[in-house]
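The chain contents come next:
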Amino acid sequence: MMRTSRQTQTRTPGGGPAPSRPNNTVRRWLGENPLGLVLSAPYTAFVVVVLLIPFAFGVWMSFHDFFFTAPGVAVPHPFVGLENYSEALNDPAVRQAFGNLLIFLLINVPLTLVLSLALACGLDAVVHWKGFFRVAYYVPYVTASVATIAVWIFLFNGNGVVNSLLGDLAPTPSWLANRSLIMPLIAVYVSWKNLGFFVLLYLAALQNVPRELHEAAQLDGAGRWRRFRSVTLPGVRPVTSLVVLLTIITTGQIFTEPYLLTGGGPDGASMTPALLMYQKGIQQGQPDIAAAIGMVLVVTVLILSLVARRVTEGKNS
């Protein structure tokens, strides 16, 4: 006696078999599109290996008595709690470095915002040669810092072009040796070098502001300044928030410019936390103190970024 087995299939209203649904557990872990995980896996691995693991090790190092040893030599690294932070914050050089960073921030952020938005507005109104001006603004940003800093040293050293043009009005001591002028000079340099990138960000935002809003405001009798305040500024507010955020992050990372221009001098007037971390950790063999300075810097930049975002985005943040 032969028995035939029958399999019941779930069918759609049209009569065809229903598509098979993936296992709920697999969907929970891999999402609706597992291919996205595969494509993002290399960059995720890069972030973990290059950023997250070193950052976690830096946090651990800041709470331990750590120093470099020869490869293969195992030595104890006892837990010291907040001792490294206390030593770092009580160091006058650390306080001076963060004070210099504040001077840099107060000059760099407003200068970058005003110049980049002004140049973007001017470039948006240009009819001819717009591509040329875009490239001209962007060239300093993609040029190596070593090359551009060499030009600034040529301009601002004691016998440089700027002093030759100023004559008797040239500052004494000169720009690179003047404690009062060196940090503002570095802030102006960084603003000039990064300006092209922020100009392009603002230009893209300006081109997305509807022209109808400008035309309607003009029909209502609004002048150019009124249209700028009521139409342009609200239209580019998200980019303004981004520019402020990126500028603050750049401020926290400032290292190359003071290192190449002055090495942190004169008398620490251009020292920054990042440069001080390099000196403490590499040159002076105190990586635990350098790690503590780095953690304080991370927290400071994070707080400044959150405050800036709240201010620039208002109630929508």
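Residues numbered from 1 in each chain as written. Predicted model: local features only at pLDDT ≥ 70, side-chain atom pairs only at ≥ 80, totals over all residues. Heavy atoms only, no water.

**Q** Even after reading the chapter, I still don't get the overall build of the chain, so can you show me in this structure?
**A** The number of helices and strands found in the chain is 14 helices and zero strands. Counting over 317 residues, the chain shows a buried share of 34%. In the chain, once contacts between residues fewer than 6 apart in sequence are set aside, the share between residues at least 24 apart is 63%. Here the chain displays about 19,800 Å² of accessible surface, and carbon together with sulfur accounts for 65% of that area. (Helix = DSSP H or I, 4+ residues; strand = E, 2+ residues; numbered from the N terminus. Buried < 20%, exposed > 50% of the residue type's maximum accessible area, 1.4 Å probe, protein only. Contact = heavy atoms within 4.5 Å. Areas by Shrake-Rupley, 256 points an atom, 1.4 Å probe, with all protein chains shown as cover.)

**Q** Mind showing me how you'd approach the packing of helix α2 (residues 34–62) against helix α14 (residues 287–313) here?
**A** The geometry of a pair of packed helices is captured by two quantities: the angle between their axes and the separation between those axes. At their nearest, the axes of α2 and α14 sit 8 Å apart, and the two run at 115° to each other. Between α2 and α14 lies a crossing whose hand is left-handed. Mapping the contact onto sequence places Phe55, Gly58, Val59, Met61 and Ser62 in α2 and Pro287, Asp288, Ala291, Ala292, Met295 and Val298 in α14. The residue makeup of the contact of α2 with α14, split by class, is eight nonpolar, two polar and one charged. (Axes fitted to C-alpha atoms, helices over the stretch in contact; angles between N-to-C directions. Left-handed = near helix turned anticlockwise from the far one by under 90°. Nonpolar A, V, L, I, M, F, W, Y, C, P; charged D, E, K, R; others polar.)

**Q** Any chance you could explain the nonpolar core here in plain terms?
**A** Soluble globular proteins: nonpolar side chains tend toward being buried together. In terms of nonpolar packing, the biggest core is built from 37 residues, with Phe104, Ile186, Ile248 and Ile293 touching the most fellow members. Elements that contribute at least two residues to this core include exactly α3 (83–89), α4 (92–125), α6 (145–156), α8 (182–207), α11 (237–252), α13 (273–283) and α14. Discounting chain neighbours no more than four positions away, the residues touching Ile293 are Ala88, Val94, Phe98, Pro273, Leu276, Met277 and Lys280. With 13 residues, the next largest nonpolar core counts Leu123, Tyr202, Val236 and Val243 among its residues. (Core = buried A, V, L, I, M, F, W, Y, C linked by side-chain atoms within 4.5 Å.)

**Q** What is the right way to read unusual backbone geometry from this model?
**A** In most cases, non-glycine residues show a negative phi, while peptide bonds are predominantly trans. Here the amide bond leading from Thr172 into Pro173 is cis, since omega sits at -5°, within 30 degrees of zero. Relative to the assigned elements, Pro173 resides in the loop between α7 (161–166) and α8. Residue Pro266 is reached from Gly265 by a cis peptide bond, and omega for that bond is -5°. Within the element layout of this structure, Pro266 appears in the loop between α12 (256–261) and α13. The phi torsion at Asp267 lies on the positive side, around 55°, for a residue other than glycine. Note on placement: Asp267 falls in the loop between α12 and α13.

**Q** What should I look at first to understand the layout of surface pockets in this one?
**A** The rolling of a water-molecule-sized probe over the atoms marks out the regions of remaining empty space. Empty space within the largest pocket amounts to approximately 810 Å³. What lines the largest pocket is a set of 27 residues, among which Phe55, Met277, Gly294, Met295 and Val298 lie closest to the centre. At the level of secondary structure, the elements contributing two or more residues to the lining of the largest pocket comprise α2, α11, α13 and α14. The greatest single-element share of the lining of the largest pocket, amounting to 10 residues, is contributed by α14. Taken together, the residues of the lining of the largest pocket sort by class into 21 nonpolar, six polar and no charged. (1 Å grid on protein atoms, 1.4 Å probe; cavity = no way out; pocket = protein on both sides within 12 Å on 5 of 7 lines; lining within 4 Å. Points joined across faces, edges and corners; volume = space filled by probe spheres on them.)

**Q** For this particular structure, what's the right way to read the confidence of the model for the chain?
**A** Interpreting fine coordinate detail is not advised for predicted regions of low pLDDT. Confidence in the prediction of the chain, expressed as mean pLDDT, is 83, and 88% of residues score 70 or more. Ranking the helices and strands of the chain by mean pLDDT puts α3 first, with 92, and helix α1 (residues 24–30) last, with 65. For residues 1–10, every residue scores under 50 in pLDDT, and the model assigns this stretch four contacts once sequence neighbours within four places are set aside. (pLDDT = per-residue confidence, 0-100.)

**Q** Would you explain the packing of aromatic side chains in this entry?
**A** Within a pair of aromatic rings, the relevant descriptors are the distance that separates the centres and the angle that separates the planes. Throughout the structure, instances matching the rule amount to 19 aromatic pairs. Both rings, one in Trp152 and one in Trp192, keep their centres 5.8 Å apart while their planes meet at 45°; by these two values the pair is tilted. Of the two residues, Trp152 is situated in helix α6 and Trp192 in helix α8; the sequence distance between them amounts to 40 residues. On the basis of an interplanar angle of 75° and a centroid distance of 5.7 Å, the ring pair of Phe255 and Tyr278 is categorised as edge-to-face. (Phe/Tyr/Trp six-rings, centres within 6.5 Å; stacked < 30°, edge-to-face > 60°.)

**Q** Is there a simple way to explain a nonpolar patch on the surface in this structure?
**A** Residues Tyr43, Phe46, Val48, Val49, Val50, Leu51, Leu52 and Ile53 make up a contiguous nonpolar surface patch of roughly 770 Å² in combined accessible area. Here Leu52 is to be found in helix α2. (Patch = residues over 30% accessible without salt bridge, like charges linked within 9 Å, V, L, I, M, F, W, Y side chains within 5 Å. Salt bridge = Lys/Arg side-chain N within 4 Å of Asp/Glu carboxyl O.)

**Q** Whenever I open this one, the packing of α4 against α14 confuses me. Can you help?
**A** It is the contact of α4 with α14, at a shortest axis distance of 12 Å, that shows an interaxial angle of 30°. Judged on the interaxial angle alone, α14 and α4 are roughly parallel. Pair α4 / α14 crosses with right-handed handedness. For the pair α4 and α14, the contacting residues are Val94, Phe98, Leu101 and Leu105 in the first and Ile293, Val296, Leu297, Thr300 and Leu304 in the second. (Parallel < 35°, antiparallel > 145°, perpendicular 65-115°, else oblique.)

**Q** Whenever I open this one, the side chain of Asn178 confuses me. Can you help?
**A** Here Asn178 lies in the loop between α7 and α8. Those residues in contact with Asn178, other than ones at most four positions away along the chain, are Pro171, Thr172, Pro173 and Pro266.

**Q** Sorry if this is basic, but what is going on with the side chain of Thr232 here?
**A** Along the chain, Thr232 falls in helix α10 (residues 224–235). Those residues within four positions of Thr232 in sequence are excluded, and the remaining contacts are Leu206, His214 and Arg227.

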